[in-house]
Each structure stands twice: as C-alpha cells, then as structure tokens.
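This is what each chain is made of:
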Amino acid sequence: MKKDIHPKNYRLVVFRDISCDYEFLTRSTIETKDTVKWTDGKEYPLVKLEISHMSHPYYTGKMKLIDTAGRVDKFRSRYAKKKEVVKSPPPADDKK
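Thresholds applied
- Residue positions are counted from 1 within each chain, in the order its sequence is given.
- In keeping with the model being predicted, local features are shown solely for residues with a pLDDT of at least 70 and side-chain atom pairs are shown and tallied solely at 80 or more, while totals for entire chains, interfaces and linings include all residues.
- Working from all heavy atoms in the structure, the side-chain values ignore hydrogens and water.
- The set of buried Ala, Val, Leu, Ile, Met, Phe, Trp, Tyr and Cys residues whose side-chain atoms join them within 4.5 Å is what this entry labels a nonpolar core.
- Per-residue accessibility, obtained with a 1.4 Å probe over protein chains only, is compared with the maximum for each type, and a residue is labelled buried under 20%, exposed over 50%, and partly exposed between these values.
- Whether two residues touch is decided by their heavy atoms; if any such pair falls within 4.5 Å, the residues are in contact.
- By this definition, two strands are paired if DSSP reports at least two bridges between them.
- What counts as a helix is a DSSP run of H or I of at least four residues, what counts as a strand is a run of E of at least two, and both are numbered from the N terminus.
- A carboxyl oxygen of Asp or Glu within 4 Å of a side-chain nitrogen of Lys or Arg is what we treat as a salt bridge.
- Axes here refer to lines fitted to C-alpha atoms; in helices the fit is confined to the stretch in contact. Angles between the N-to-C directions go from 0 to 180 degrees.

## Observations regarding the nonpolar core
(1) Moving on: Listed in full, the five residues of the largest apolar core are V14, V36, W38, Y44 and L46.
(2) Moving on: If near-sequence neighbours (up to four positions away) are discounted, V14 is found in contact with E23, F24, L25, V36, W38, Y44, P45, L46 and V47.

In structure tokens, the structure reads:
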C-alpha cells in the first residue's frame, strides 16, 4: 500500500436522521462542530442528516413527505401566484 494517501482524521462519528431520530455510529472524515454522548458513554462528533435508510420511502415502503427546507411550501406558493393571474380574453372579431 502507498504511504500517506489515507486521511489522518478518520474516526468514529454518530450520524442522526433528524426526521425519525435514528442514530448510527460509523467511521468518517466529515468535519462537524456538534457532539453527542453515545450508548457506550463516550462522546462522538455528530452529523445531522435529513434522510437516511430509516426514513427514505424507497427503503421504508411508505410515502412520507419530509420537507425540512420548505421546498414544497415554496413550490405551492409560486404555483398559487401563477394560478391567480387572470388571463385576458382574446380580442373579439368585429366581422359581422
């Protein structure tokens, strides 16, 4: 194996799915400022996820709408504005 090609800060990190409060411990190099106390009593860096295998519809088989960034509300408000715009009627033909 080549020397000095692997990251130096490879460590245990807790990932938390904020939509269903599921946590798992794995190794990662991701940088984070948050920490959490794990079940073994040790404190680990914490990474918050919006979606994981425990909340994704493909893995769960449930169609559950998860909108943490307000994207659905933004779409609906834009669509509602377009719906409110009344189209002017076409000009009438004065050929009688």
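## A closer look at the pairing of strand β4 (residues 43–49)
(1) Moving on: As paired elements, strand β1 (residues 11–17) and β4 share four bridges and run parallel to each other. In the strand pairing of β4, V14 is matched with L46.
(2) Moving on: Sheet analysis places strand β3 (residues 35–37) next to β4, joined by three bridges and oriented antiparallel. When the sheet's bridge partners are listed, K37 is paired in β4 with E43.
(3) Moving on: Here β3 hands over to β4 after five residues, with G41 in that stretch at a positive phi of 90°.

## Here's the deal with the pattern of salt bridges
(1) Moving on: Tallying each qualifying case throughout the model produces three salt bridges.
(2) Moving on: The salt bridge partner of R16 is E23, with a shortest N-O separation of 2.5 Å.
(3) Moving on: For E23, a relative accessible area of 26% gives the class partly exposed.
(4) Moving on: One salt bridge connects K48 with D34, and the closest N-O pair in it is separated by 3.9 Å. Residue K48 is located in strand β4, and its partner D34 is located in the loop between β2 (22–28) and β3; the two are separated by 14 residues in the primary sequence.
(5) Moving on: Judged by relative accessible area, which is 51%, K48 ranks as exposed.

## What to know about the sheet that holds β3
For sheets, the rule is that strands pair by backbone hydrogen bonds, running either parallel or antiparallel.
(1) Moving on: One open sheet holds the four strands; their spatial order is β2-β1-β4-β3, and the pairing between them is mixed. With one partner strand each, in any of the chains shown, β2 and β3 form the two edges of the open sheet. Between one strand and the next, the sheet's axes are offset by a mean angle of 45°, whatever the strand orientation.
(2) Moving on: Strand direction decides the pairing type here: β1 and β2, joined by seven bridges, are antiparallel. Looking at the pairing, V13 lines up with T26 of β2.

## Here we look at the side chain of D17
(1) Moving on: Secondary-structure assignment places D17 in strand β1.
(2) Moving on: Other than its neighbours up to four places away in sequence, D17 contacts Y22, L49, E50, I51, S52 and S55.

Everything listed here is a matter of coordinates, which is why it stays silent on function.
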